[in-house]
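Reading the structure
Here is what each chain is made of, one letter per residue.
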Amino acid sequence: MVEPTSPLPGLVQDDNVLHQNVLHRISEELATRFQGVFTPETVERYVFESYTGLARSAKIRAHLPAITSRFAKDRLTALAQSKGLAAKDVPEVLFVCVHNAGRSQMAAALLAHHAQGRIHVRSAGSMPIEHLEPSAVAAMQEIGLGLEEEFPKPLTDDVVRAADVVVTMGCGDSCPVYAGKRYLDWHLEDPAGKTVEQARAIRDDLDTRIRGLLNDILDR
């Protein structure tokens, strides 16, 4: 069992009682899922921290509980993997950019598509914004990869620790560095404010890099 290391740090500064009740229910559901791995207190901490992190960039909060459940589950899985408490059957790749709204989302979708389950992919942003860039979404739709259910996620220590390869794109020194991991820094245009045609060029550049990365990882 992993115990919480510090008290809950003033989480959910939100007077929406309904949301808080939903978060408690999410905590209970995830505590059952991670029973024997994490204490209920640790799970609750992660759920409320995840909500707070996502809420910082959200203007409309109606969907926050649903994406909080997904985000907290993924973070808890990453934490369990990094501590050797859960099996890691395939390599883990993390893509990081500033807003997690364009490049890193496109890269994650492309690698997941080409890897076909042979690599697990995550993405995050050092300063996530409210929603994905429309031009990036449109460019990915052109090749049949929908990003409609994706959302910008803040960069957290647990997903970095769980990764085998960390690919950064324009986020500077915001990503923590741990020994034993492979770090790559890709210099690409940001699709923010770009046309679909410009985003298409970024997508194609990413696709070439992704194919090379996939072959490199699987050949090791």
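Higher on the page you've got the structure.
These figures come from a predicted structure and were not determined experimentally.

Turning to unusual backbone geometry, a few remarks are in order. Most of the time, phi is negative for any residue but glycine, and the peptide bond is trans. At Asn-100, a position not held by glycine, the phi torsion is positive, near 50°. Along the chain, Asn-100 falls in the loop between β1 (92-97) and α4 (103-115). A positive phi angle, close to 50°, is found at Gln-116, a residue other than glycine. Residue classification places Gln-116 among the exposed positions, given a relative accessible area of 61%.

It is worth spelling out empty space enclosed by the protein at this point. Inspection of the entire model under this criterion finds two cavities of 30 Å³ or more. Volume-wise, the largest cavity comes out at about 60 Å³. Lining the largest cavity are Cys-97, Val-98, His-99, Asn-100, Ala-101, Gly-102, Arg-103, Ile-129, Glu-133 and Asp-190. Tallied by class, residues from the lining of the largest cavity come to four nonpolar, three polar and three charged. Computed from the structure, the second largest cavity encloses a volume of approximately 40 Å³. Along the walls of the second largest cavity sit Phe-71, Asp-74, Arg-122, Ser-123, Ala-124, Lys-153, Pro-154 and Val-159, which together make up its complete lining. Listed by contribution, the elements that provide at least two residues to the lining of the second largest cavity are α3 (64-82) and β2 (120-125).

Core analysis: the biggest nonpolar cluster contains 29 residues, and Val-93, Phe-95, Leu-111, Trp-186 and Leu-206 have the highest contact counts within it. When residues in this core are grouped by element, the largest group, seven residues, is from α4.

A separate point is α4. End to end, α4 covers 18 Å across 13 residues, agreeing with the expected 18 Å (1.5 Å per residue, within 8%). Of the positions making up α4, those classed as buried are Arg-103, Ser-104, Gln-105, Met-106, Ala-107, Ala-108, Ala-109, Leu-110, Leu-111, His-114 and Ala-115. Against the buried residues of α4 lie β1, β2, α5 (134-141), β3 (165-169) and α7 (196-219). Positive backbone phi, approximately 50°, marks Gln-116, located one or two places after α4.

The final tally for this structure, using the stated rule, is 16 salt bridges. Arg-122 is the salt-bridge partner of Glu-92, the closest N and O atoms lying 2.7 Å from each other. Taken together, the positions of Glu-92 in strand β1 and Arg-122 in strand β2 put the pair 30 residues apart, joining distant regions of the chain. Linked by salt bridges that have partners in common, Arg-45, Glu-49, Arg-75 and Asp-158 make up one network.

Right, let's get into the packing of aromatic side chains. Enumeration according to the criterion identifies two aromatic pairs in this entry. Both rings, one in Phe-34 and one in Phe-38, keep their centres 5.9 Å apart while their planes meet at 40°; by these two values the pair is tilted. Each member of the pair, Phe-34 together with Phe-38, is buried. Aromatic pair Phe-95 and Trp-186: ring centres 6.1 Å apart, planes at 50°, arrangement tilted. Here Phe-95, found in strand β1, pairs with Trp-186, found in the loop between β4 (182-185) and α7; they are 91 residues apart in sequence, far enough to count as distant. Classification of Phe-95 by relative accessible area gives buried; the value is 0%. Owing to a relative accessible area of 9%, Trp-186 belongs among the buried residues under this scheme. The residue whose ring lies beneath Arg-75 is Phe-71, and the NZ or CZ to ring-centre distance is 5.8 Å. A cation sits over an aromatic face here: Lys-153 above Phe-151, 5.1 Å from the ring centre.

Cut-offs applied
Throughout this document, residue positions are counted from 1 along each chain, in the order its sequence is written. Two thresholds apply to this predicted model, a pLDDT of at least 70 for residue-level local features and 80 or more for giving and counting side-chain atom pairs, whereas whole-chain, interface and lining totals are computed over all residues. With hydrogens and water set aside, each side-chain value is computed from the structure's full complement of heavy atoms. Secondary structure follows DSSP: runs of H or I at least 4 residues long count as helices, runs of E at least 2 residues long count as strands, and numbering of each begins at the N terminus. For the exposure calls, accessible area comes from a 1.4 Å probe over protein chains only, and a residue counts as buried if that area is under 20% of its type's maximum, exposed if over 50%, partly exposed in between. Cavities and pockets are found on a 1 Å grid laid over the protein atoms alone: a cavity is a set of points where a 1.4 Å probe fits but cannot escape, a pocket is an open set with protein on both sides within 12 Å along at least five of seven lines, and a lining residue has an atom within 4 Å of such a point. Grid points are joined across faces, edges and corners, and a volume is the space filled by probe spheres set on the points. Polar here means any residue outside two lists: the nonpolar Ala, Val, Leu, Ile, Met, Phe, Trp, Tyr, Cys and Pro, and the charged Asp, Glu, Lys and Arg; Gly therefore counts as polar. By convention a nonpolar core is built from buried Ala, Val, Leu, Ile, Met, Phe, Trp, Tyr and Cys residues, the set being connected through side-chain atoms within 4.5 Å. Residue count minus one, scaled by 1.5 Å, sets the expected span of a helix. It only takes one pair of heavy atoms within 4.5 Å for two residues to be counted as in contact. Every case where a carboxyl oxygen of Asp or Glu lies within 4 Å of a side-chain nitrogen of Lys or Arg is listed as a salt bridge. Between 30 and 60 degrees the pair is tilted, below 30 it is stacked and above 60 it is edge-to-face, where a pair is any two Phe, Tyr or Trp rings, Trp via its six-membered ring, whose centres lie within 6.5 Å. Ring-over charges, as used throughout, are those where CZ of Arg or NZ of Lys falls within 6 Å of the ring centre and within 35 degrees of the ring normal.

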